[in-house]
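# Observations on the model geometry
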Amino acid sequence: MRDQAAISGIGWTAISKNSGQAVLSLATEAALGAIADAGLRPADIDGLATYYWGQRDTPAPYELANSLGLDACRMSWCDSSGGAWACAAIASAAMAVVTGMCRHVLVYRASNSRSDPPAGPGIDFWPSGQRQWSEPFGATHAATLYGPYVAAYMAAYGVENADFAPLAVQQRAHAALNRKAMMTKPMTVDEHQASPWIIHPFRLLDCSIWNDGAMAVVVSAADVARSLRRSLVTIRAVEGGTLGAPVKARNAHNRWELNALALAPSLYEKAGIAVADLDMAQIYDPFTGMTMLHIEQFGLAPAGEAARQVRDGAFALDGRLPLNTHGGHLSEGNLAGLGHVIEAVQQLRDTGVCDDFCEGAHDYDRRHCRQLREPEFALVAGECGDSAMILRREE
């Protein structure tokens, strides 16, 4: 399927603490933006895909189909794997357009999770499935699930919480060059270290933010997309599945091994590239410590070395491999990985990002410009590497 599908359109709403809109209105706004960006009409969309974690907080495909007034919907998905499915959603859409099942698939996610989170299950609720082995023992939110795995990694490699601070500071600096980012105030290492503990090993500024908003992308067959856009971003390779339990890979050799470690070599082989060929990495960042695991297990740094390389500037905008150039979940906003997809597409287009603070052409002045210099390949990764893809700029 190499380069046979492309991301032809991208769209988003404001990212905020309180949208003041119904979640379906948010989804529709982002969808219409992505459709217009692709040079299409709503009637051209004939497939829909969305995803969520826990209780569904994003509109179901049939709801968005009605809101957009679609003439047909030949395939739809509504998956419960959360951010682990971010790139798998793109993979599903790509398979649909490459096989001819659909012409244009809209992948979207919308949520008012900050201003109107889904109601809890109630006092009489008893978890089932794999949650029965965690929630009754206090692992009731993401930090409690991820914390033990990151703590085991820290103990193995002598990493401390202070080693996470430069990553949080760097991503905030990237977000400061992003008009749609929610958190843009500069951060210092001292401020990170003064932020309150949530649960060991995470302080408040180690955690992704919680917000309202929506994002959407259109996936089209590459030959069709070439007639829509002058600048094409193709899906070079993609994998999407899960061996998480819910964090550590089921066949892991230690407490911090993620599915990323097994997926990465296969993904790079499918793409016909090596890590050295990557020009950026937009990787899932629910917490700083988890981002370190992603960096290492996708082969972007040796084991135990991610924190040092972040501190040394390897992943800054002008570093060896720019990372989460939009600010990621830590600072831009959290739409379960779709923001990472959109940022990669923006960076790869010949026009570059459209929401930094450049006035006119990109000049790479990091006081107002976050555009990278002539990137060709981007790694985009979902949560724990349960799904990931390589995007390519087609000349």
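Note that residues are indexed from 1 along each chain, following the sequence as it is written. Only residues with pLDDT of 70 or above have their local features reported here, since the model is predicted, and side-chain atom pairs are shown and tallied only from 80 upward, although totals for entire chains, interfaces and linings are computed over all residues. To get the side-chain values, all heavy atoms of the structure are used, and hydrogens and water are removed first.

## Some words on the overall build of the protein
To keep it simple, the criterion reads: Elements are defined by DSSP. Helices are runs of H or I of four residues or more, strands are runs of E of two residues or more, and each kind is numbered from the N terminus. The globule rule is 2.2 Å times the number of residues to the power 0.38, and the radius of gyration it is compared with is taken over C-alpha atoms. Under the scheme applied here, a residue whose accessible area is under 20% of the maximum for its type counts as buried, over 50% as exposed, and between as partly exposed, the area being computed with a 1.4 Å probe on protein chains only. Whether two residues touch is decided by their heavy atoms; if any such pair falls within 4.5 Å, the residues are in contact. Residue-level accessible areas treat just the shown protein chains as cover; the underlying method is Shrake-Rupley with a 1.4 Å probe.
For the protein, the helix and strand inventory stands at 12 helices and 11 strands. Radius of gyration (C-alpha) of the protein: 20 Å, near the 21 Å computed for a compact globule of 395 residues. In the protein, which comprises 395 residues, the proportion classed as buried is 58%. Pairs at least 24 residues apart make up 77% of the contacts formed inside the protein by residues separated by at least 6 positions. Here the protein has roughly 15,600 Å² of accessible surface; of this, 52% comes from carbon and sulfur atoms.

## Some details on the environment of Asn334
We apply this condition: Under this definition, polar contacts are N or O atom pairs within 3.5 Å; protein pairs additionally need one hydrogen-donor-capable and one acceptor-capable atom, and for neighbouring residues in sequence, both atoms have to be side-chain atoms.
Relative to the helices and strands, Asn334 resides in the loop between helix H11 (328–331) and helix H12 (338–348). Residues in contact with Asn334, not counting those within four places in the same chain, are Ser208, Ile209, Trp210, Asn211, Tyr284 and His329. In this structure the side chain of Asn334 is engaged in a polar contact, spanning 3.4 Å, whose partner is the side chain of Ser208. For Asn334, the side chain forms a polar contact with the main-chain nitrogen of Ala336, separated by 2.9 Å.

## Let's talk about the packing of helix H5 (residues 165–175) against helix H9 (residues 288–297)
Convention followed: Fitting a line to C-alpha atoms yields each axis, with helices limited to the stretch in contact; the angle taken between N-to-C directions then spans 0 to 180 degrees. Angles are sorted into four bins: roughly parallel if under 35 degrees, roughly antiparallel if over 145, roughly perpendicular if 65 to 115, and oblique for all others. Residues are grouped as follows: Ala, Val, Leu, Ile, Met, Phe, Trp, Tyr, Cys and Pro are nonpolar; Asp, Glu, Lys and Arg are charged; every other residue, Gly included, is polar.
Contact geometry for H5 and H9: axes closest at 9 Å, N-to-C directions at 90 degrees. Taken together, the axes of H5 and H9 are roughly perpendicular relative to one another. Residue-level inspection shows Leu167, Ala168 and Gln171 of H5 in contact with H9, the latter providing Thr288, Thr291 and Met292. Looking at the contact of H5 with H9 residue by residue, the classes come out as 3 nonpolar, 3 polar and no charged.

## Observations concerning the pattern of salt bridges
Heads up, the rule is: Any carboxyl oxygen of Asp or Glu that lies within 4 Å of a side-chain nitrogen of Lys or Arg is treated as forming a salt bridge with it.
Counted according to the given criterion, the structure contains 19 salt bridges. Glu63 is the partner of Arg56 in a salt bridge, and the nearest nitrogen-oxygen pair spans 3.5 Å. Look at Arg56 and you get partly exposed, because its relative accessible area is 39%. A residue is classified by how much of its surface remains accessible, and Glu63, at 26% relative accessible area, is partly exposed.

## Details of the packing of aromatic side chains
What counts is decided by this rule: Centre distance within 6.5 Å is the pairing criterion for rings of Phe, Tyr and Trp, where only the six-membered ring of Trp is used; planes under 30 degrees apart are then read as stacked, over 60 as edge-to-face, and the remainder as tilted. We call a charge positioned over a ring when the NZ of a Lys or the CZ of an Arg lies within 6 Å of the ring centre and within 35 degrees of the ring normal.
Tallying each qualifying case throughout the model produces 5 aromatic pairs. Between Tyr157 and Trp256, the aromatic rings sit 6.1 Å apart at their centres with planes inclined by 75 degrees, giving edge-to-face as the arrangement. With a gap of 99 residues between them, Tyr157 in helix H4 (residues 142–157) and Trp256 in the loop between strand S8 (232–240) and helix H8 (259–271) connect regions that are remote in the sequence. A connected cluster of aromatic rings, assembled from ring pairs, spans Tyr146, Phe202 and Phe287. The cationic tip of Lys180 hangs over the ring face of Trp12; the distance from NZ or CZ to the ring centre is 4.6 Å.

## Notes on the nonpolar core
Across soluble globular proteins, nonpolar side chains show a tendency to be buried alongside one another. Which entries qualify depends on this criterion: Put simply, a nonpolar core is a bunch of buried Ala, Val, Leu, Ile, Met, Phe, Trp, Tyr and Cys residues held in one set by side-chain atoms that sit within 4.5 Å of each other.
Core analysis: the biggest nonpolar cluster contains 48 residues, and Ile7, Val219 and Leu391 have the highest contact counts within it. Among all residues touching Val219, those that are not within four sequence positions of it are Ala5, Ala6, Ile7, Ile90, Ala93, Ala94, Val97, Arg103, His104, Val105, Val107 and Ile235. Of all hydrophobic cores here, the second largest spans 46 residues; its members include Tyr149, Ile283, Ala301 and Cys384.

## Section: unusual backbone geometry
Along the chain, His200 connects to Pro201 via a cis peptide bond; the corresponding omega equals 10 degrees. Relative to the elements of secondary structure, Pro201 occurs in the loop between strand S5 (197–199) and strand S6 (202–203). You will see that Glu374, though not glycine, has its phi angle at about 50 degrees, which is positive. Inspection of the secondary structure puts Glu374 in the loop between H12 and strand S10 (377–381). Positive phi is not limited to glycine here, since Cys384 has a value of about 65 degrees. Looking at the element boundaries, Cys384 is found in the loop between S10 and strand S11 (387–394).

## Focus: the pairing of strand S2 (residues 47–51)
Worth spelling out the cut-off: The handedness rule is simple: strands pointing away from the viewer, and a clockwise path from the first strand over the helix to the second, make the crossover right-handed. Think of it this way: DSSP has to see at least two bridges between two strands before they count as a pair.
The buried fraction of S2 is high, at 5 of 5 residues. Residues Gly47, Ala49 and Tyr51 line one face of S2 and the alternating positions Leu48 and Thr50 line the opposite face, and both faces are buried. Note that the unit made of S2, helix H2 (residues 61–68) and strand S3 (residues 75–79) has a crossover that is right-handed. Pairing of S2 with strand S4 (residues 104–112) involves 3 bridges; the strand directions are parallel. From the neighbouring strand, Leu48 faces S4, where its bridge partner is Leu106.

## Re the side chain of Gln371
Its place among the elements puts Gln371 in the loop between H12 and S10. For Gln371, a relative accessible area of 4% puts it in the buried group. When residues no more than four places from it in sequence are discounted, the contact partners of Gln371 are Gln346, Gln347, Gly352, Val353, Asp356, His362, Tyr364 and Arg366.

## Observations concerning the environment of Pro201
Under the relative-accessibility criterion, Pro201 is labelled buried at 0%. Each C-alpha atom of the pair Pro201 and Leu26 lies 34 Å from the other, and the pair is 175 residues apart in sequence. Setting aside chain neighbours within four positions, we find Pro201 in contact with Gly147, Val150, Ala151, Met154, Asn161, Phe164 and Asp206.

## So, H9
H9 sits mainly inside the fold: 10 of its 10 residues count as buried. Those residues of H9 that fall on the buried side of the exposure criterion are Thr288, Gly289, Met290, Thr291, Met292, Leu293, His294, Ile295, Glu296 and Gln297. Two residues or fewer past H9, Gly299 is found with a positive phi of approximately 80 degrees.

Distances and angles like these do not, on their own, reveal function.
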